[in-house]
Structure formats: structure tokens, C-alpha cells
Amino acid sequence: MKTALILNGPNLNLLGTREPQVYGSQTLADVEALCERACQTHGFTLDFRQSNHEGTLVDWLHEAGRLHAQGKLAGVILNAGAYTHTSVALHDAIKGTGITLIELHISNVHAREAFRHHSYISPAAKAVMAGFGVNGYALAVAALAGMQ
Ligand code: CA2
């Protein structure tokens, strides 16, 4: 069974505690549970992680590249949080790994502040999803299944 690696960036550990009008009221643990159900439906093993540290996310993308080379990775779903809009390091980490990566945002970043309209992740991603709320994670797992 291949692994779906779901990576969450800075502040997403606060999900459900603030700004419910933007991000909803479900916690990151709730999101993990919904991802678990989606992965069971689609025959993936789930590996679900969150970090507030850019370098840790880079290390995890390198790990994904190694899993991909071993044929063990279905793909990565990455909500890079605010690093989406700032991180050349994450762009560089994705580029050249050969991994299938879906960039995901809970909110519709294009309907928000101008600084959220640019993404360093998008040019290196296979697909981009935004604005589906936390259900976007389940939709992204289904999309990953369709890409196998
Ligand atoms: O919409 C998304 O998923 C974002 O990636 C979330 C990031 C934001 O910087 C991106 O522009 C869009 C922020 C994640 C912070 O999440 C919080 C949730 C609840 C309370 C505080 C922060």
C-alpha cells in the first residue's frame, strides 16, 4: 500500500481555535481523522504531519523524494501555510524530486489579501486546490487516487 504524505505548515496546529470564519471550527486532529477515512477509502496509508519550522518541512519533502524513488509514495498534499507566500526553500525542495504534490489551502487565498495571491509552491506543484474548507483535504486524497 502506498503512502499519502500530508504536510501542514506554520500555525495550522491552531486550527479550530481562532478565525473560524476563515478556517472553520474543526481542529487539526479532526482534519487528520477525515484524512484517515479518505485514505482508507482510496487504499493509502496515511502519514499526517505538521510543523512550524521551514527546515523541517524541507527535510520532510526530501524524505518524500526518497520514498518516491522507492515506489512507496502515492504523493504529497502540502498546506505550507504562510510559507506558501515566502519560501524559495520549499519551492527548491519540491522541484526535481519527481513527487506528485498537490498544493492545498483551506481558504480561497485569491479572495484574500494581495500578499496571499502569490505562491512559491504552485510552479513546482502538480495541482493546486484552495477554498474548499477542510473538506479540501479529503478531495485532495481522492484527486491523488485519480493520479495513480
Ligand atoms: O488557507 C490556508 O490553508 C492557508 O494556507 C492558511 C495559512 C495562510 O497563511 C495561507 O495564506 C492560507 C494560515 C494558517 C494558520 O491557520 C490558523 C488557523 C486558525 C487560527 C490561526 C491560524
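Everything below is about the structure printed above this text.
Residues numbered from 1 in each chain as written. Predicted model: local features only at pLDDT ≥ 70, side-chain atom pairs only at ≥ 80, totals over all residues. Heavy atoms only, no water.

So, about the site of the ligand. Taken together, 16 residues surround the ligand, and among them Asn 79, His 85, Ile 106, Ser 107 and Arg 116 come closest. In the model, an oxygen atom of the ligand is placed 3.4 Å from a nitrogen or oxygen of the Ala 82 main chain. With respect to the ligand, the side chain of His 85 contributes an N or O atom lying 2.7 Å from an oxygen atom. Against a free-state accessible area of 510 Å², the protein chains account for coverage of 95% of the ligand. Of the residues assigned to the shell around the ligand, the class counts are eight nonpolar, six polar and two charged. (Near = heavy atom within 4 Å. Polar contact = N/O pair within 3.5 Å; in protein donor to acceptor, adjacent residues only side chain to side chain. Areas by Shrake-Rupley, 256 points an atom, 1.4 Å probe, with all protein chains shown as cover. Nonpolar A, V, L, I, M, F, W, Y, C, P; charged D, E, K, R; others polar.)

Before going further, it helps to examine helix H2 (residues 28-42). If you check H2, its first and last C-alpha atoms are 21 Å apart, about what 15 residues at 1.5 Å a residue would give, namely 21 Å. Every buried residue belonging to H2 is among Leu 28, Val 31, Leu 34, Cys 35, Ala 38 and Cys 39, and all of these are buried. For H2, the buried positions fall inside an angular range of 140 degrees around the axis, keeping them on one side. Among the exposed residues of H2, those oriented more than 90 degrees off its buried face are Ala 29, Arg 37, Gln 40 and Thr 41. Against the buried residues of H2 lie strand E1 (3-8), strand E2 (45-50) and helix H5 (135-146). After H2 finishes, the residue Gly 43 shows a positive phi value of roughly 75 degrees. (Helix = DSSP H or I, 4+ residues; strand = E, 2+ residues; numbered from the N terminus. Expected span 1.5 Å × (residues − 1). Buried < 20%, exposed > 50% of the residue type's maximum accessible area, 1.4 Å probe, protein only. Arc of directions from axis to C-beta. Contact = heavy atoms within 4.5 Å.)

So, about the sheet that holds E1. Within the open sheet, the five strands sit side by side as E2-E1-E3-E4-E5. Their pairing is parallel. The open sheet has two free edges, formed respectively by E2 and strand E5 (127-130), since each of these has just one partner strand. Each neighbouring strand pair of the sheet contributes to a mean axis angle of 20 degrees, computed without reference to strand direction. Where strand E4 (residues 101-105) and E5 come together, four bridges link them in parallel fashion. If you follow Ile 102 over to E5, its bridge partner there is Ala 127. Along the sheet face, H2 touches E1 and E2 and points at about 160 degrees away from the line of E2. (Pairing = 2+ DSSP bridges. Axes fitted to C-alpha atoms, helices over the stretch in contact; angles between N-to-C directions.)

Turning our eyes to something else, we now look at the pattern of salt bridges. Counted by the stated rule, this structure contains four salt bridges. For the salt bridge of Arg 49 with Glu 63, the shortest nitrogen-to-oxygen distance reads 3.0 Å. Taken together, the residues span a long stretch of sequence, with Arg 49 in strand E2 and Glu 63 in helix H3 (residues 54-69) at a distance of 14 residues. Note on Arg 49: relative accessible area 16%, which makes it buried. Linking Arg 112 and Glu 113 is a salt bridge whose minimum nitrogen-to-oxygen distance equals 3.8 Å. Each of the salt bridges in this network shares a partner with another, and the network as a whole consists of Asp 47, Arg 49 and Glu 63. (Salt bridge = Lys/Arg side-chain N within 4 Å of Asp/Glu carboxyl O.)

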